[in-house]
Amino acid sequence: MGDPETFQAFLKRQEAAEAAMVEGDVEPRLALWSRRDPVSLLGAWGPNKTGWPELERTFRWVADRLGSAERRDFHFDVAVAHVSADGQMAYSIGFERFDE
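Please read all numbers here as calculations on a predicted model, not as lab measurements.

A. Here's a closer look at the overall build of the chain. Along its length, the chain carries three helices and four strands. Shown N-terminal to C-terminal, the secondary structure of the chain runs as helices and strands in the order α-α-β-β-α-β-β. The C-alpha radius of gyration of the chain comes to 14 Å, within 12% of the 13 Å expected for a compact globule of 100 residues. Projected onto the principal axes, the alpha-carbon positions of the chain cover approximately 40 × 30 × 20 Å. Residue burial in the chain is summarised as follows: out of 100 residues, 29% are buried.

Quick look at the structure:
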C-alpha cells in the first residue's frame, strides 16, 4: 500500500465501505481491516478496542445500530490519511455525516 495510487484506491474503497455500513452492511468494512495485531479502533461512539475479535464484534454492533434507522445525505470526509514510507502501516481519520 506504499504507493500513492494504491492508497488513494484504498481510500475510495473505504468511502464505499462507510456508505454500506450506514445501510447496515458491515462486510465491505470487514474486508478492509487487517486481522493481524497490532490492530486498533478509536471509535466515535466510544468503543476503543484492540485485536481483531473485538474490532469485528464492534463493527457488527455498529452496522446493526446504523442499519436499523433511516439515513439521508450521507458523506464520508477524510481529514487525514497517511501511509508509512515502508508501506507497513496506514491510517485515516474521517468524519461520517448524515441526517436522521
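Moving on, there is more to tell.
B. Representation of the side chain of Thr-58. Structurally, the position occupied by Thr-58 is in helix 3 (residues 52–67). Look at Thr-58 and you get buried, because its relative accessible area is 6%.

C. Layout of the pattern of salt bridges. Tallied over the full model, the rule gives seven salt bridges. Arg-97 is the salt-bridge partner of Asp-77, the closest N and O atoms lying 2.9 Å from each other. Note that Asp-77 is positioned in strand 3 (residues 72–83) and Arg-97 in strand 4 (residues 90–99), a separation of 20 residues in sequence. Among the charged side chains, a salt-bridge network with shared partners connects Glu-18, Arg-29 and Glu-96.

D. The arrangement of the packing of aromatic side chains in detail. Taken as a whole and assessed by the stated rule, the structure comprises two aromatic pairs. Aromatic side chains Phe-7 and Phe-10 sit 6.2 Å apart centroid to centroid with 5° between the ring planes, which places their arrangement in the stacked category. Of this pair, Phe-7 and Phe-10 both sit in helix 1 (residues 4–22), three residues apart, which is roughly one turn of the helix. What makes Phe-7 buried here is its relative accessible area of 6%.

E. Spotlight on helix 3. Taking 1.5 Å of rise per residue, the 16 residues of helix 3 would be expected to cover 22 Å, and the 22 Å separating its terminal C-alpha atoms lies within 8% of that figure. Next to the buried residues of helix 3 lie helix 1, helix 2 (27–32), strand 1 (40–42), strand 2 (48–50) and strand 4.

F. View of the confidence of the model for the chain. When pLDDT is averaged across the chain, the result is 85; 93% of the residues are at 70 or more. Of all helices and strands in the chain, the one with the weakest mean pLDDT is strand 4 (82), whereas helix 2 scores best (96).

G. Broad picture of the nonpolar core. Met-21, Val-22, Val-26, Leu-30, Val-39, Leu-41, Trp-52, Leu-55, Phe-59, Val-62, Ala-63 and Leu-66 together form the largest nonpolar core, which totals twelve residues. Listed by contribution, the elements that provide at least two residues to this core are helix 1 and helix 3. Broken down by element, the residue count for this core peaks at six residues, all from helix 3. Beyond its immediate sequence surroundings of up to four residues, Val-26 is in contact with Met-21, Phe-59, Arg-60 and Ala-63. Phe-7, Phe-10, Ala-17 and Val-83 belong to the second largest nonpolar core, which has six residues in total.

Reading the values: rules and limits
- Note on numbering: residues in each chain are counted from 1, in written sequence order.
- Totals for whole chains, interfaces and linings use all residues, but because this is a predicted model, local features are given only for residues with pLDDT of at least 70 and pairs of side-chain atoms are given and counted only at 80 or more.
- Working from all heavy atoms in the structure, the side-chain values ignore hydrogens and water.
- Strands are runs of DSSP state E lasting at least 2 residues, helices are runs of H or I lasting at least 4, and numbering of each runs from the N terminus.
- The size measure is the radius of gyration over C-alpha atoms, and the globule rule it meets is 2.2 Å times the number of residues to the 0.38 power.
- Throughout, exposure labels follow a simple rule: accessible area from a 1.4 Å probe, protein chains only, divided by the maximum for the residue type, with under 20% read as buried, over 50% as exposed, and the rest as partly exposed.
- For salt bridges, the criterion is a side-chain nitrogen of Lys or Arg within 4 Å of an Asp or Glu carboxyl oxygen.
- Only Phe, Tyr and Trp rings are paired, with Trp represented by its six-membered ring, and only when their centres lie within 6.5 Å; those with planes under 30 degrees apart are stacked, over 60 edge-to-face, the remainder tilted.
- The length a helix should cover is 1.5 Å for every residue beyond the first.
- Contacts were defined at the residue level, with two residues in contact if any of their heavy atoms lie within 4.5 Å.
- pLDDT is a per-residue confidence score from the predictor, ranging from 0 to 100.
- In these notes, a set of buried Ala, Val, Leu, Ile, Met, Phe, Trp, Tyr and Cys residues joined through side-chain atoms within 4.5 Å is what counts as a nonpolar core.

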